[in-house]
Amino acid sequence: MAVCNSCQATIWWALTPSGKSMPINQKPDPNGTVTTDQNGIVEIITDPAEQRLAKKRGRKFYTAHFTTCPAADEHRRRRG
């Protein structure tokens, strides 16, 4: 586990399919859309039917820390 440098929340880092690190809130969130596959790669599932199926299969859902951190904009990389 890690701690957000800005808000001190406990987070963990997951890998996106493109190989980038993504901060995830530590606690599972029944309303979250972020889960990981069997290899630990982030998968975003927004469709309620797909979420129900994934939950039946034992997958937990989380929230991306960027959606809850009050200082998220300070950590975003600028494209360009």
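Shown above is the structure to which this text applies.
Here's what I pulled together on the structure shown here. Everything numeric here is computed off the predicted structure, so don't read it as measured data.

**Overview of the nonpolar core**
Point 1. Counting eight residues, the largest nonpolar core consists of Trp12, Ala14, Met22, Ile24, Val34, Val42, Tyr62 and Ala64.
Point 2. When contributions to this core are tallied by element, the ones reaching two or more residues are β2 (10-15) and β3 (21-25).

**Some thoughts on helix α1 (residues 48-56)**
Point 1. Measuring from the side-chain oxygen of the N-cap residue of α1 to the backbone nitrogen of Ala49 gives 3.1 Å; that N-cap residue is Asp47.
Point 2. At the C-terminal side of α1, Gly58 shows a positive phi close to 95°.

**With respect to the state of the cysteines**
Point 1. Taken as a whole and assessed by the stated rule, the structure comprises zero disulfides.
Point 2. Residue Cys69 stays outside any disulfide, its sulfur separated by 3.8 Å from that of Cys4, the closest cysteine.

**Observations regarding the pattern of salt bridges**
Point 1. What the rule picks out here adds up to one salt bridge.
Point 2. Salt-bridge contacts for Arg59 lead to Glu43; the nearest nitrogen and oxygen are separated by 2.8 Å. With Arg59 in the loop between α1 and α2 (72-75) and Glu43 in strand β5 (residues 42-44), the pair connects residues that are 16 residues apart, well separated along the chain.
Point 3. According to the relative accessible area criterion, Arg59 is partly exposed, its value standing at 25%.

**So, unusual backbone geometry**
Point 1. Residue Gln8 is not a glycine yet carries a positive backbone phi of 70°.
Point 2. Mapped onto the secondary structure, Gln8 falls in the loop between β1 (2-3) and β2.

**A short note on the sheet that holds β2**
Point 1. A sheet is described by the order of its strands in space; here three strands give the open sequence β1-β2-β3, paired in antiparallel fashion. Of all strands in the sheet, those with a lone pairing partner are β1 and β3, marking the two edges.
Point 2. Pairing of β1 with β2, which is carried by two bridges, proceeds in the antiparallel orientation. Opposite Val3, over in β2, you have Thr10 as the bridge partner.

Rules used in this analysis
- Residues numbered from 1 in each chain as written.
- Predicted model: local features only at pLDDT ≥ 70, side-chain atom pairs only at ≥ 80, totals over all residues.
- Heavy atoms only, no water.
- Core = buried A, V, L, I, M, F, W, Y, C linked by side-chain atoms within 4.5 Å.
- Buried < 20%, exposed > 50% of the residue type's maximum accessible area, 1.4 Å probe, protein only.
- Helix = DSSP H or I, 4+ residues; strand = E, 2+ residues; numbered from the N terminus.
- Polar contact = N/O pair within 3.5 Å; in protein donor to acceptor, adjacent residues only side chain to side chain.
- Disulfide = S-S within 2.5 Å.
- Salt bridge = Lys/Arg side-chain N within 4 Å of Asp/Glu carboxyl O.
- Pairing = 2+ DSSP bridges.

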